[in-house]
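Fold and contact review
Chain by chain, the residues run as shown.
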Amino acid sequence: MILLNYFYKIQIIIGYYCLCVNAEKDNAYCQCMSKLNRQSIFHSLEEYCVVNNVKFNATSVKFEKMKKMVKINAGTYFIGTNNPIFSADGEAPKREVVLNNFYIDKFEVSNEEFMAFINATGYVTEAENFGDSFVFEGLLTQSTKDKIHKAVAQAPWWLPVKQASWQHPEGPNSNIIFRMDHPVVHVSWYDAVAYCSWMEKRLPTEAEWEVACRGGLSDRLYPWGNKLMPNNQHRANIWQGNFSTENTEEDGYKGTSPVTTFSQNKYGLHNIVGNVWEWTADWWITKHSHDRQINPVSMGRFYHL
Ligand SMILES: [Ca+2]
Ligand SMILES: [Ca+2]
């Protein structure tokens with residue numbers, strides 16, 4: 001998707017996270033959602049939902065999971081573009097996809113949510129096992145940078161930092177105490193899949209993710225329209241200034257922002273562009289068929305529930 005890749009080029013990129021979808025199976029969706037609008041459901045604690053004829057009250061785990069998700073209706077959508085800015089990224093062509101109903105999280109997965117997963121399971125992330133992870137240089141202290149003598153060839157602003165992990169995003173002297181509502185970072189694809197499995201969800205396919213991101217619009221550069229800053233308002237946490245040395249922070253954030261900031265499209269998704277990248281279930285590929293596809297999944301390690 002053209003706008004997304006554009007953002008990827010200029011945003012401050014710190015780590016990864018997953019947006020989970022809860023695929024609808026038969027009638028196994030929260031039936032209350034089809035009767036009431038989301039506001040009335042998710043902001044009234046007297047509500048309940050019914051899944052497979054089992055009633056869950058407002059304090060149930062199922063209800064808590066569903067209220068942070070939005071339903072994307074089954075239908076025919078267009079993804080990709082015939083006017084790519086970064087052709088090498090596989091933004092073209094514009095192509096038709098047919099999708100089933102699915103639910104997708106409205107927010108990036110937060111540190112608080114990921115910590116609940118770690119506390120419940122004892123899971124150890126890949127970055128913790130590897131003993132390091134890559135951090136954007138602008139977030140590191142000079143003393144930390146002085147100890148590093150390697151970088152990514154094509155993106156020298158990414159530096160390998162010993163003991164950087166989701167709990168210590170900028171290395172062992174950093175923490176997330178005041179960032180519990182920020183997106184979890186330094187999470188690998190396998191870590192994201194493990195988290196989603198624990199939540200009884202799954203990663204979205206790239207097609208599902210892009211359809212959700214577009215928010216019901218077509219041929220627009222951004223999830224909200226064609227202007228980066230409509231009414232001179234920032235709509236995403238990205239980079240302002242000369243990348244990668246001058247970050248003017250005009251959107252209010254040098255690094256990540258809380259997952260609840262920047263509502264961006266008509267589906268109510270937040271930070272679907274900007275803030276941090278998203279994982280999807282399938283392989284990233286650059287050559288796409290022009291043909292209409294039904295629930296497309298690019299070849300490789302697609303993850304099923
Ligand atoms: Ca920013
Ligand atoms: Ca994002």
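The shown structure was predicted, so the numbers you read here are calculated from the model rather than taken from an experiment. (Residues numbered from 1 in each chain as written. Chains lettered and ligands numbered in written order. Predicted model: local features only at pLDDT ≥ 70, side-chain atom pairs only at ≥ 80, totals over all residues. Heavy atoms only, no water.)

1. Here's the deal with the nonpolar core
If you look at the biggest cluster of nonpolar residues, it comprises 21 residues, and the most contacted ones within it are I72, Y77, L99, I104, V211 and L269. Elements that contribute at least two residues to this core include exactly strand 5 (69-72), strand 6 (75-79), strand 7 (95-99), strand 8 (102-105) and helix 9 (206-214). Broken down by element, the residue count for this core peaks at 5 residues, all from helix 9. Discounting chain neighbours no more than four positions away, the residues touching Y77 are I72, R95, E96, V97, L99, V211 and Y267. Counting 16 residues, the second largest nonpolar core, distinct from the first, contains V109, W166, L203 and A281. (Core = buried A, V, L, I, M, F, W, Y, C linked by side-chain atoms within 4.5 Å. Buried < 20%, exposed > 50% of the residue type's maximum accessible area, 1.4 Å probe, protein only. Helix = DSSP H or I, 4+ residues; strand = E, 2+ residues; numbered from the N terminus. Contact = heavy atoms within 4.5 Å.)

2. What about the pairing of strand 7?
Taking burial as the measure, the 5 residues of strand 7 include 4 buried ones, the bulk of the element. As paired elements, strand 6 and strand 7 share 5 bridges and run antiparallel to each other. Bridge pairing in strand 7 places T76 opposite V98. (Pairing = 2+ DSSP bridges.)

3. Some words on the environment of V273
Here V273 lies in the loop between helix 9 and strand 11 (277-279). Sequence separation between V273 and A236 is 37 residues, and the spatial gap between their C-alpha atoms is 6.6 Å.

4. So, the coordination of the calcium ion (ligand 2)
Octahedral metals with six donors have ideal donor angles of 90 or 180 degrees. Tetrahedral metals with four donors have an ideal donor angle of 109.5 degrees. On the protein side, the calcium ion (ligand 2) has E108 (OE), N271 (O), G274 (O), V276 (O) and E278 (OE) as donor atoms, found 2.1 to 2.6 Å from it. Judged by its relative accessible area of 2%, V276 is buried. (Donors = N, O, S within 2.8 Å, 3.2 Å for Na, K, Ca; no water.)

5. As for helix 8 (residues 189-198)
Among all positions of helix 8, only W189, D191, A192, V193, Y195 and C196 are buried. With its phi angle positive at about 60 degrees, E200 sits one or two positions after the end of helix 8.

6. Examining the coordination of the calcium ion (ligand 1)
Those donors, N237 (OD1), I238 (O), D251 (OD), D251 (OD) and Y253 (O), are the protein atoms that reach the calcium ion (ligand 1), and they lie 2.4 to 2.6 Å from it. Along the chain, the residues that donate to the calcium ion (ligand 1) are spaced as N-I-x12-D-x1-Y. Residue class for D251 comes out buried when judged on its relative accessible area of 8%.

7. Regarding the pattern of salt bridges
Scanning the model with the defined rule gives 7 salt bridges in all. Among the salt bridges present, the one from K94 reaches D219, with a minimum N-O distance of 2.9 Å. Remark: D219 occurs in the loop between helix 9 and strand 11 and K94 occurs in the loop between strand 6 and strand 7; sequence separation between them is 125 residues. For K94, a relative accessible area of 25% corresponds to the partly exposed category. According to the relative accessible area criterion, D219 is partly exposed, its value standing at 48%. For D105, the salt bridge goes to K201, with nearest N and O atoms at 2.9 Å. (Salt bridge = Lys/Arg side-chain N within 4 Å of Asp/Glu carboxyl O.)

8. Notes on helix 5 (residues 111-121)
Restricting attention to buried positions, one finds in helix 5 the residues N111, F114, F117 and I118. Each buried residue of helix 5 lies within a common arc of 120 degrees when the element is viewed along its axis, so the set occupies one face. Those residues of helix 5 that are exposed and aimed more than 90 degrees away from the buried face are E112, N119 and A120. Among the structural elements, helix 8 are those in contact with the buried residues of helix 5. G122 sits one or two positions beyond helix 5 and adopts a positive phi of about 75 degrees. (Arc of directions from axis to C-beta.)

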